[in-house]
Amino acid sequence: MQALTVCELPIDFAPAAFRIKCVSEPWERREALALRRAVFCVEQGLFVGNDLDAIDADAILLVACACVAGECDQVVGTVRIHEAQPGVWWGSRLAVHPSYRHLGRLGATLIRLAVSMAHARGATAFWAHVQQQNVALFEKLNWHLHGPVQLHGRPHGLMEASLAHYPPCHEPDWGYFTLPQARARTAAAVGGDRA
């Protein structure tokens, strides 16, 4: 199979909204795994061939989908979560297509759904190994750094989410909607003018 570079993943349109949810369709899973390969194998060079491991057998895969007319059309972000032991959850493989990294707070919203979904399933702790360049983002999202670690030859931070800041999400199949930032600012301005 020929590897895709991140830039070769097709971008079909400028979406009006994004839906962040659990994978529910085979095409969503295929596109999420292709995005992970493009980001972690091609762009970052962390893995050769693919990034699949034993965790994928039991993990729950979440996706950020670009929407057309309110329907999911294309996967542009993903993360996986799994329960390592009763009450202790981990998140990993957070990836957002480079063309969408500054639109709609997709990474932050994927993190929010991941932790909130685990919280609804009885999580007492939620952990992640976060690449060093992303530690500041996680800290803004109410995660606490427990210390540095080396993982896959790269510096990471061992981080824990503050569950008090993540209300349980009992409807992860529906998930969350978010707007591209420019649209969100416009919608807020229009709403503000009408108030």
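Residues numbered from 1 in each chain as written. Predicted model: local features only at pLDDT ≥ 70, side-chain atom pairs only at ≥ 80, totals over all residues. Heavy atoms only, no water.

### Re the pairing of strand β3 (residues 71-85)
The line we're drawing: Strand pairing is assigned whenever DSSP identifies at least 2 bridges connecting the two strands. Numbering of helices and strands runs from the N terminus; a helix is a DSSP stretch of H or I covering at least four residues, while a strand is a stretch of E covering at least two.
Relative to β3, strand β2 (residues 60-68) is paired through nine bridges, and the arrangement is antiparallel. Bridge pairing in β3 links alanine 64 to glycine 77. As consecutive antiparallel partners, β2 and β3 are separated by two residues, and within that stretch alanine 69 has a phi angle of approximately 55 degrees, a positive value. In this antiparallel pair of consecutive strands, β3 and strand β4 (residues 88-96), the connection spans two residues, and glycine 87 shows a positive phi of 85 degrees.

### A look at the packing of aromatic side chains
Heads up, the rule is: Each Phe, Tyr or Trp ring, with Trp reduced to its six-membered ring, pairs with another whose centre is within 6.5 Å; inter-plane angles below 30 degrees give stacked pairs, above 60 give edge-to-face pairs, and intermediate values give tilted ones. Partly exposed describes any residue whose relative accessible area lies between the buried limit of under 20% and the exposed limit of over 50%, with all areas from a 1.4 Å probe on protein chains only and scaled to the type maximum.
Per the counting criterion, the structure on display carries five aromatic pairs. Between phenylalanine 18 and tyrosine 100, the aromatic rings sit 5.7 Å apart at their centres with planes inclined by 85 degrees, giving edge-to-face as the arrangement. Residue phenylalanine 18 is located in strand β1 (residues 17-22), and its partner tyrosine 100 is located in the loop between β4 and α2 (106-120); the two are separated by 82 residues in the primary sequence. The exposure classification of phenylalanine 18 matches that of tyrosine 100, with both residues buried. Of the aromatic side chains, those joined through ring pairs into one cluster are Phe126, Phe138 and Trp143.

### Here we look at the confidence of the model for the protein chain
Going by this rule: For every residue, the pLDDT score states the predictor's confidence, bounded by 0 at the bottom and 100 at the top. Only heavy atoms enter the contact rule, under which two residues are in contact if any of them lie within 4.5 Å.
Per-residue pLDDT for the protein chain averages 86, and the proportion of residues at 70 or more is 84%. Within the protein chain, the element-level pLDDT minimum falls on helix α4 (residues 181-194), averaging 41, and the maximum on strand β5 (residues 125-131), averaging 98. Every residue in residues 1-5 is under pLDDT 50, and counting partners more than four places away or in other chains gives eight contacts. Long-range and interchain partners of residues 183-195, a stretch whose pLDDT sits below 50, account for three contacts in this model, where long-range means more than four residues apart.

### Some details on α2
Stated precisely, the cut-off is as follows: To estimate how far a helix should reach, multiply one less than its number of residues by 1.5 Å.
When the terminal C-alpha atoms of α2 are compared, their 21 Å separation across 15 residues agrees well with the 21 Å that a helix rising 1.5 Å per residue should span. By the criterion of burial, α2 is predominantly enclosed, with twelve of the 15 residues buried. Every buried residue of α2 is listed here: Leu106, Gly107, Ala108, Thr109, Leu110, Ile111, Leu113, Ala114, Val115, Ser116, Met117 and Ala118. Phi turns positive one or two residues past the end of α2, at glycine 122, with a value near 95 degrees.

### Here's the deal with helix α1 (residues 26-43)
In this model, α1 (18 residues) spans 24 Å end to end at C-alpha, consistent with the 26 Å of a helix rising 1.5 Å per residue. Among all positions of α1, only Glu28, Ala32, Leu33, Ala34, Leu35, Arg36, Ala38, Val39, Phe40 and Cys41 are buried. In this fold, the buried residues of α1 make contact with β1, β2, β3, β4 and β5. With its phi angle positive at about 65 degrees, glycine 45 sits one or two positions after the end of α1.

### What about the pattern of salt bridges?
What counts, and what does not: Each salt bridge in this description consists of a side-chain nitrogen of Lys or Arg and a carboxyl oxygen of Asp or Glu lying within 4 Å of one another.
Throughout the structure, instances matching the rule amount to eight salt bridges. Among the ionic pairs, arginine 36 bridges to aspartate 51, the shortest N-O distance being 2.7 Å. Here arginine 36 is found in helix α1, whereas its partner aspartate 51 is found in the loop between α1 and β2, with 15 residues between them in sequence. Each member of the pair arginine 36 and aspartate 51 is classed as buried. Between arginine 93 and aspartate 53 there is a salt bridge, with its nearest N and O atoms 3.2 Å apart.

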